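Residue-level listing of the chains:
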Amino acid sequence: MKINYPHYVAQVDEADCGVASLAMILRNFGSVYPIAKLRDLARTTKQGTTALGLVKAAKHLGLDVIPIQADISLFDDPEITYPLIAHVIKDDLLHYCVVFKANQDYIYVADPDPATKVQKMTRDEFDRLWSGVCLLFSPAKGYTPQKEPLAGLTTMFQQLTNYKKDISGIVIAAMLITFISIVGSYYLQLIIDRFIPSKNINGLTILAGSLLVVYVFNSLFNYLRDVLLTRLDQKLTSQISLRYIHHVYRLPMRFFSTRKTGEITSRFNDINKIIDALSSTIISMFLDVGVMVIIGIVLSLYDRSLFLTTISTIPIYVIIIYAFNKRFVKLDQEQMESNAQLSSAIIEDLKGVETLKVLQLENIRYKNVEKQFADFLRKNLTYVKTKSFQDAIKMWIQYGLVTIILFQGAVLVIQGRLSIGTLMAFNALLAFFISPLQNIINLQPKLQEAKVANNRLNEVLQVDTEKSDTNSQDQTDLIGPINIQHVDYSYEYSRPILQDINLQIGCNDKLAIVGLSGSGKSTLAKLLVGFYLPTQGQIEFNQHKTTEINLCDIRQYVHYLPQSPQLFSGTIKDNLLMGLDREVSVEEIDNACKLALIYNDIQEMPLKYETKLDEEATVLSGGQKQRLTIARALLTSARVLIFDESTSSLDPITEKRIVENLLSIEDRTMIFIAHRLSIAKKVNRVVVMRDGKIIEQGTHQELLNHHQEYYNLWNA
């Protein structure tokens with residue numbers, strides 16, 4: 001017997017099982033939230049969601065939560081309230097599911113994995129998977145159900161109102177084609193019933209010639225319809241794809257750090273499914289329905305009994321659609337998720353191809369991709385087999401209908417109640433009735449695909465973009481000290497990265513932040529440039545809180561250079577001027593390149609600043625890339641420059657000269673995130689971090705005299 005759970009929510013990506021389970025709990029208590037919001041509240045990462053993250057998110061939304069460690073006897077306790085979230089180990093991976101009912105024999109489970117969905121398990125089966133951890137929920141005092149709007153597929157259809165002219169042109173062309181088809185069927189009836197019996201060759205010649213002219217117009221209308229449909233497809237694709245890309249570009253860094261690249265890019269395939277469904281729906285709503293009505297009227301005028309036989313098949317088609325409906329939803333979800341995982345694996349391997357070759361992992365990684373590709377093909381084949389089986393049933397009904405119509409019509413001809421020409425004309429027009437009917441029926445799998453694809457797309461579109469709607473700040477207002485006050489930050493609730501950071505950086509100060517790997521140096525730098533927001537505390541630029549400053553202004557004032565330099569396709573000059581909002585003279589470009597010690601390297605190239613770079617800038621060495629990005633930073637108007645290991649690929653002599661050049665610039669604040677303490681020796685002040693805390697600060701000599709952490713790092 002099939003089991004249903006009315007509050008079921010499927011996970012969208014592989015790391016979403018925890019928040020999808022929480023979404024089911026919330027729906028049980030009358031609240032509806034998008035998974036994207038729950039991911040943010042629970043601080044879900046690429047690895048998934050912690051139990052503490054689920055507890056914090058649930059409490060934030062007004063639920064009381066009791067986490068417990070128990071055994072299978074828990075489900076004998078009559079005081080236990082359902083539903084609850086259980087932590088299980090599924091396929092050697094940590095996983096969450098919802099238990100919504102239990103009795104002496106079975107545990108009833110709603111698994112966010114769409115491949116499993118809702119099932120009942122024996123107690124032994126569940127006990128083998130269950131870690132013993134579960135979360136019990138109840139509404140807190142004063143809890144009020146909240147329902148945030150979820151953008152469904154209907155919102156996409158509303159966009160079609162923007163293309164009234166295109167749709168009108170398509171409809172008119174299609175109606176004219178339908179009219180010509182009706183004329184053609186009438187021509188067939190006249191030949192059989194009039195011209196052949198009367199042997200009227202002249203009339204037949206005139207009629208045939210007229211019909212040839214009409215078919216010229218028919219071909220023209222077909223051409224116009226196809227062109228208009230293609231143009232409409234392109235407009236819809238541009239609108240939805242560009243909207244998605246624009247939204248992704250404006251998302252905060254936290255979004256990218258908690259999702260795999262393949263999961264983001266796989267949404268482009270989802271867009272194609274949505275466009276296909278929108279186009280098919282347009283055709284069916286405005287063309288197929290209209291054609292069916294017109295052809296239906298003509299068929300009923302030919303013979304009512306044959307027409308009644310024809311429309312009697314419609315309920316059969318409806319039953320077939322309903323029977324396959326839920327199956328298609330499950331298969332679509334599985335297929336899209338598998339494709340996202342495959343894309344992520346390939347992108348990951350291509351990014352790390354050098355390491356892959358050094359470690360001789362080609363065969364191992366290939367086998368991993370092969371396994372995931374086989375999984376995708378298997379799920380795709382299951383979908384195709386299901387769809388083909390449905391299509392085979394529909395085809396059998398179609399052929400059966402034609403056979404029955406011919407049999408019934410032949411009986412009517414024998415009885416003298418119908419002419420042979422009318423039967424042939426009816427049979428010819430029957431194809432024009434069945435074809436749009438089939439198109440309408442075939443919308444079902446396309447709409448199911450589009451519904452799943454739209455849900456996946458909205459899980460990105462519903463993520464809040466970086467807020468840049470605050471009033472623009474004059475850059476001169478930000479010039480002054482930078483104050484970091486009691487700042488904490490963590491990617492997950494259980495793993496604090498920064499703890500109670502207090503630091504003041506003077507205007508035009510030269511500062512080095514040092515410490516062991518993982519001490520939080522880079523995270524602190526990224527907070528300064530607005531990539532992440534502190535979970536507690538605040539950062540001020542000249543007494544202006546960063547939460548009150550437009551992010552664009554912060555990033556114009558603070559320029560961050562990561563350890564891995566990023567250059568883009570184009571010329572060296574294009575890369576140097578990238579992001580600048582002012583005119584830059586050749587002298588300024590030369591001076592910046594000279595300070596970064598890249599000027600001579602560029603001048604030795606045949607095309608100099610016009611040298612073309614590919615996406616990885618393979619014509620440049622790692623050190624040249626770093627020096628080029630340093631020159632680009634110097635060309636910006638930023639008053640604060642943060643160098644996060646930005647000279648790590650340089651030899652000590654070149655690094656020493658560049659650092660000295662940078663320190664000679666008096667009107668800019670310089671912050672160096674460094675492992676090499678040779679840089680720390682040259683700056684005004686050194687800040688030492690360990691385990692996300694500032695443990696000491698001072699000049700190089702002062703810290704050596706303290707004989708603490710910095711002293712140990714210097715003498716290591």
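Residues numbered from 1 in each chain as written. Predicted model: local features only at pLDDT ≥ 70, side-chain atom pairs only at ≥ 80, totals over all residues. Heavy atoms only, no water.

How should I be thinking about the sheet that holds strand E11 (residues 544-545) in this particular structure?
The strands making up a sheet associate through hydrogen bonds between their backbones, and the pairing can be parallel or antiparallel. Taking strand neighbours across the sheet as the criterion, the 4 strands line up as E8-E7-E10-E11 in an open arrangement whose pairing is antiparallel. The strands lining the two open edges of the sheet, one partner per strand, are strand E8 (495-505) and E11. When strand E7 (residues 482-492) meets strand E10 (residues 536-541), the two strands line up antiparallel, connected through 5 bridges. By the bridge assignment, Asn 483 is partnered in E10 with Glu 540. Packing of helix H17 (residues 521-528) onto the sheet brings it into contact with E7, E8 and E10, and relative to E7 it is tilted by some 115 degrees. (Pairing = 2+ DSSP bridges. Helix = DSSP H or I, 4+ residues; strand = E, 2+ residues; numbered from the N terminus. Contact = heavy atoms within 4.5 Å. Axes fitted to C-alpha atoms, helices over the stretch in contact; angles between N-to-C directions.)

Just checking my understanding: could you explain the UniProt feature "domain: Peptidase C39" (unreviewed entry) in the chain for this structure?
Within this numbering scheme, the UniProt entry marks residues 11-137 as carrying the feature "domain: Peptidase C39" (unreviewed entry). As annotated, residues 11-137 has a helix share of 29% and a strand share of 33%, and its two end C-alpha atoms lie 20 Å apart. (UniProt positions renumbered as here; feature names shortened; annotations may be inferred.)

Hey, could you run me through the domain arrangement of the chain in this one?
A common way to state how big an interface is: give the accessible area lost once the parts meet. Per the domain assignment, the segments making up the chain are domain 1 (16-139), domain 2 (153-302 + 450-466), domain 3 (304-417) and domain 4 (475-715). In this complex, domain 1 contributes 9 residues to the contact, which on the side of domain 2 involves 9 residues. Its largest share of buried area at the contact with domain 2, domain 1 owes to Ala 36, Arg 39 and Lys 46, together 61% of the area lost on that side. Where domain 1 touches domain 2, the interface holds 1 salt bridge. For Arg 254, the salt bridge goes to Asp 40, with nearest N and O atoms at 3.7 Å. Taken together, the links from domain 1 to domain 2 amount to 4 residue pairs in polar contact (both at pLDDT 80 or more). (Domains from an automatic or database assignment. Buried area = accessible area lost by both parts, 1.4 Å probe. Salt bridge = Lys/Arg side-chain N within 4 Å of Asp/Glu carboxyl O. Polar contact = N/O pair within 3.5 Å; in protein donor to acceptor, adjacent residues only side chain to side chain.)

Looking at this model, I keep getting lost on the sheet that holds strand E18 (residues 693-698). Mind explaining?
Read across the sheet, 6 strands follow the order E12-E15-E16-E9-E17-E18 without closing on themselves; strand pairing throughout is mixed. The two strands at the open ends of the sheet, each matched to only one other strand, are strand E12 (558-561) and E18. When strand polarity is set aside, the average angle formed by the axes of neighbouring strands in this sheet is 20 degrees. Two elements, strand E9 (residues 510-515) and strand E17 (residues 685-690), share 5 bridges in a ladder whose sense is parallel. What sits directly across from Ile 513, in E17, is Val 687. Sitting on the sheet, helix H22 (residues 622-635) touches E12 and strand E15 (640-644), and the angle it makes with E12 is about 180 degrees. Strands in contact with helix H23 (residues 652-663) are E9, E15 and strand E16 (669-674); relative to E16, the strand with the most contacts, it is inclined by about 150 degrees.

Please clarify how the side chain of Asn 550 should be interpreted in this entry.
When you line up the elements, Asn 550 lands in the loop between E11 and helix H18 (551-557). Given a relative accessible area of 7%, Asn 550 falls into the buried group. At 2.9 Å, the side chain of Asn 550 and the backbone nitrogen of Cys 552 are in polar contact. (Buried < 20%, exposed > 50% of the residue type's maximum accessible area, 1.4 Å probe, protein only.)

Even after reading the chapter, I still don't get a negative patch on the surface, so can you show me in this structure?
A cluster of acidic residues, Asp 71, Asp 124, Glu 125 and Asp 127, forms a negative patch on the protein surface. When you line up the elements, Asp 71 lands in the loop between strand E1 (63-69) and strand E2 (84-90). By relative accessible area, Asp 71 is classed as partly exposed at 46%. (Patch = residues over 30% accessible without salt bridge, like charges linked within 9 Å, V, L, I, M, F, W, Y side chains within 5 Å. Areas by Shrake-Rupley, 256 points an atom, 1.4 Å probe, with all protein chains shown as cover. Lys, Arg positive; Asp, Glu negative; His and termini not counted. Charge placed at Lys NZ, Arg CZ, Asp CG, Glu CD.)

Which parts of the structure should I look at to understand the nonpolar core?
A general feature of soluble globular proteins is that nonpolar side chains tend to end up buried together. Judged by nonpolar contacts, the single largest core of 47 residues is most densely connected at Leu 576, Cys 593, Leu 628 and Tyr 710. When residues of this core are assigned to their parent elements, the largest contribution, 6 residues, is made by H22. Ranked by size, the runner-up nonpolar core spans 36 residues in total, among them Ala 20, Met 24, Tyr 33 and Tyr 96. (Core = buried A, V, L, I, M, F, W, Y, C linked by side-chain atoms within 4.5 Å.)

Would you explain empty space enclosed by the protein in this entry?
In this approach the atoms are scanned with a rolling probe the size of a water molecule, which exposes any empty space left behind. Under the counting rule described, the total for this entry stands at 2 cavities of 30 Å³ or more. Every residue lining the largest cavity is counted, 13 residues in all, and those nearest its centre are Glu 645, Ser 646, Thr 647, Ile 673 and Ile 679. The leading source of residues in the lining of the largest cavity is E16, at 3 residues. Grouping the constituent residues of the lining of the largest cavity by class yields 6 nonpolar, 4 polar and 3 charged. Looking at the second largest cavity, its volume works out to about 30 Å³. Along the walls of the second largest cavity sit Val 12, Asp 13, Asp 16, Arg 39, Arg 259, Arg 267, Glu 459 and Val 460, which together make up its complete lining. Across the lining of the second largest cavity, the residue classes tally to 2 nonpolar, no polar and 6 charged. (1 Å grid on protein atoms, 1.4 Å probe; cavity = no way out; pocket = protein on both sides within 12 Å on 5 of 7 lines; lining within 4 Å. Points joined across faces, edges and corners; volume = space filled by probe spheres on them. Nonpolar A, V, L, I, M, F, W, Y, C, P; charged D, E, K, R; others polar.)

Even after reading the chapter, I still don't get the packing of helix H12 (residues 314-351) against helix H14 (residues 362-414), so can you show me in this structure?
Angle between the axes and distance between the axes: these two values describe a pair of packed helices. Contact geometry for H12 and H14: axes closest at 9 Å, N-to-C directions at 160 degrees. Looking at the two axes, H12 sits roughly antiparallel to H14. Note that H12 runs across H14; the crossing there is left-handed. The class makeup of the residues in the contact of H12 with H14 is 17 nonpolar, 11 polar and 10 charged. (Parallel < 35°, antiparallel > 145°, perpendicular 65-115°, else oblique. Left-handed = near helix turned anticlockwise from the far one by under 90°.)

Is there a simple way to explain unusual backbone geometry in this structure?
Leaving glycine out, the prevailing phi sign among residues is negative, and the prevailing peptide bond configuration is trans. That bond from Tyr 82 to Pro 83 is cis: its omega, 5 degrees, falls within 30 degrees of zero. Looking at where Pro 83 falls in the secondary structure, it is placed in the loop between E1 and E2. The phi dihedral of His 486 falls on the positive side, at around 50 degrees, and the residue is not glycine. You can see His 486 is positioned in strand E7. His 486 sits in the partly exposed class, given a relative accessible area of 48%. Although it is not a glycine, His 707 adopts a positive phi angle of roughly 60 degrees. Note that His 707 resides in the loop between helix H25 (700-706) and helix H26 (709-714).

Mind showing me how you'd approach the packing of helix H20 (residues 586-595) against H22 here?
Look at H20 against H22: their axes get within 8 Å of each other, and the N-to-C directions meet at 130 degrees. With respect to H22, the element H20 is oriented oblique. Two packed elements cross with a definite hand, and for H20 against H22 that hand is right-handed. From H20, Glu 588, Ile 589, Ala 592, Cys 593 and Leu 595 reach across to H22, where they touch Ala 631, Leu 634 and Leu 635. For the contact of H20 with H22, the per-class residue count stands at 7 nonpolar, no polar and 1 charged.

Looking at this model, I keep getting lost on the packing of aromatic side chains. Mind explaining?
To describe a pair of aromatic rings, you give the distance between the ring centres and the angle between the ring planes. Considering all chains together, one arrives at 13 aromatic pairs under this definition. Ring centres 5.7 Å apart and planes at 80 degrees place the aromatic pair Phe 75 and Phe 126 in the edge-to-face group. Residue Phe 75 is found in the loop between E1 and E2, and its partner Phe 126 is found in helix H4 (residues 123-129); the two are separated by 51 residues along the sequence. As far as the burial class goes, Phe 75 and Phe 126 line up, both buried. Considering the side-chain rings of Phe 307 and Phe 433, the 6.1 Å spacing of their centres and the 75 degrees angle between planes classify their relative orientation as edge-to-face. With Phe 307 in helix H11 (residues 304-311) and Phe 433 in helix H15 (residues 420-461), the pair connects residues that are 126 residues apart, well separated along the chain. Of the two residues, Phe 307 and Phe 433, both sit in the buried class. Taken together, the ring pairs connect Tyr 5, Phe 100 and Tyr 108 into an aromatic cluster. One residue, Lys 594, lies across the ring of Tyr 599, its end atom 4.9 Å from the ring centre. (Phe/Tyr/Trp six-rings, centres within 6.5 Å; stacked < 30°, edge-to-face > 60°. Lys NZ or Arg CZ within 6 Å of the ring centre and 35° of its normal.)

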